[in-house]
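Listed below, chain by chain, are the residues.
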Amino acid sequence: MDRTATIKRTTKETDISINLTLDGKGKSTVDTGIGFFDHMLEGFSRHGFFDLTVKIKGDLHVDGHHSVEDAGIVLGMAIKEAIGDKKGIKRYGFFVLPMDDALALCAVDLCGRPYLQFDCTFPHNMVGDFDTSLTKEFFYAVAYSAGMNIHIKLFSGENSHHMIESIFKAFAKALSDAVSLDERVEGVLSTKGSL
């Protein structure tokens, strides 16, 4: 089963191409124009064992908002397409990830219904050239584009870099678990018979 998707999306604000392989080795090539965001997506790839290629040309002369939000939209579309009919997947995944001072929880449900619960505040407005408020915008876009529940909670943290990185890595581990195949699952994991 080749669970791979390539999505391209162009607007007046951004030109984005993402290639995602769910059953990968954690290899990535990322160029968003925002150094810290590159680092987060590389960590997502590595810790989820997803192969990921991201190329973004965005209106960074305005700010990073459109690039980060639209990246979430396109990544969500790629996740949805790569999963396919969802037959045999575990559907749910969660992970609690420590990173020095930061402790983040992420739980996901690939149910087809979009929802984001984001219980996080950051002590700093910026990490490098990344606006920390865009973290929520990114995950909101992923949730609604992929049609998945995402719950994210920070239990502790003092360093915004560590806090955001722990969130991205926890999401990677939770999603990796949710998309993994379980031979006990016949069809899809739902009493309704569809996801």
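Read on for a plain summary of the structure. Source: prediction; values computed, not measured.

### Quick look at the packing of helix α1 (residues 35–48) against helix α4 (residues 160–179)
Step number 1: Where α1 contacts α4, the two axes come as close as 8 Å, and the packing angle between them is 35°. Read as a crossing pair, α1 and α4 show a hand that is right-handed. When α1 is examined against α4, the residues Phe-36, Phe-37, His-39, Met-40, Leu-41, Phe-44, His-47 and Gly-48 are found in contact with a partner set consisting of His-161, Ile-164, Glu-165, Phe-168, Lys-169, Phe-171, Ala-172, Lys-173, Leu-175 and Ser-176.
Step number 2: Broken down by class, the residue content of the contact of α1 with α4 amounts to 10 nonpolar, 5 polar and 3 charged.

### Some thoughts on the side chain of Ser-145
Step number 1: Its location among the elements puts Ser-145 in helix α3 (residues 134–146).
Step number 2: For Ser-145, a relative accessible area of 17% gives the class buried.
Step number 3: For Ser-145, the side chain forms a polar contact with the main-chain nitrogen of Met-77, separated by 3.2 Å.
Step number 4: Ser-145 has contacts with Gly-72, Ile-73, Gly-76, Met-77 and Lys-80, leaving out every residue within four places of it along the chain.

### Quick notes on the sheet that holds strand β7 (residues 115–119)
Step number 1: Spatially, the 4 strands line up as an open sheet ordered β5-β6-β10-β7, and their pairing is mixed. With partners counted over all chains shown, the strands left at the sheet margins are β5 (92–99) and β7, one partner each. For this sheet, the mean inter-axis angle between neighbouring strands, taken without regard to orientation, is 10°.
Step number 2: Taken together, the 8 bridges between β5 and strand β6 (residues 102–109) define a ladder with antiparallel strand orientation.

### Considering the environment of Val-179
Step number 1: Examined against the element boundaries, Val-179 turns out to sit in helix α4.
Step number 2: Val-179 sits 91 residues away from Gly-88 along the chain, and the two C-alpha atoms are 8.9 Å apart.
Step number 3: Apart from residues no more than four positions distant in its own chain, Val-179 is found in contact with Arg-3, Leu-22, Phe-50, Ile-83, Ile-89 and Leu-110.

So, how was this worked out
- Residue positions are given per chain, counted from 1 along the sequence in the order it is written.
- At least 70 in pLDDT is required for a residue's local features to be given in this predicted model, at least 80 for side-chain atom pairs to be given and counted, and no such filter applies to totals for whole chains, interfaces and linings, which use all residues.
- The side-chain figures draw on all heavy atoms in the structure; neither hydrogens nor water molecules are used.
- Angles here are taken between N-to-C directions and fall from 0 to 180 degrees, while the axes themselves are lines fitted to C-alpha atoms, restricted in helices to the stretch in contact.
- Numbering goes from the N terminus for both helices and strands, where a helix is a DSSP run of H or I of at least four residues and a strand is a run of E of at least two.
- Note on convention: near helix rotated counterclockwise from far helix by under a right angle means a left-handed crossing. Clockwise means right-handed.
- Between two residues, a contact is recorded if the distance between any of their heavy atoms is within 4.5 Å.
- Note that Gly is not counted as nonpolar here; it falls among the polar residues with everything else outside the nonpolar set of Ala, Val, Leu, Ile, Met, Phe, Trp, Tyr, Cys and Pro and the charged set of Asp, Glu, Lys and Arg.
- Partly exposed residues are those whose accessible area sits between 20% and 50% of the maximum for their type, while under 20% is buried and over 50% is exposed, using a 1.4 Å probe and protein chains only.
- In protein, a polar contact requires one atom able to donate a hydrogen and another able to accept it; more generally it is a pair of N or O atoms within 3.5 Å, and residues adjacent in sequence count only if both atoms are side-chain atoms.
- DSSP bridges decide pairing: two strands pair if at least two such bridges lie between them.

Shape descriptors only; they carry no functional weight alone.
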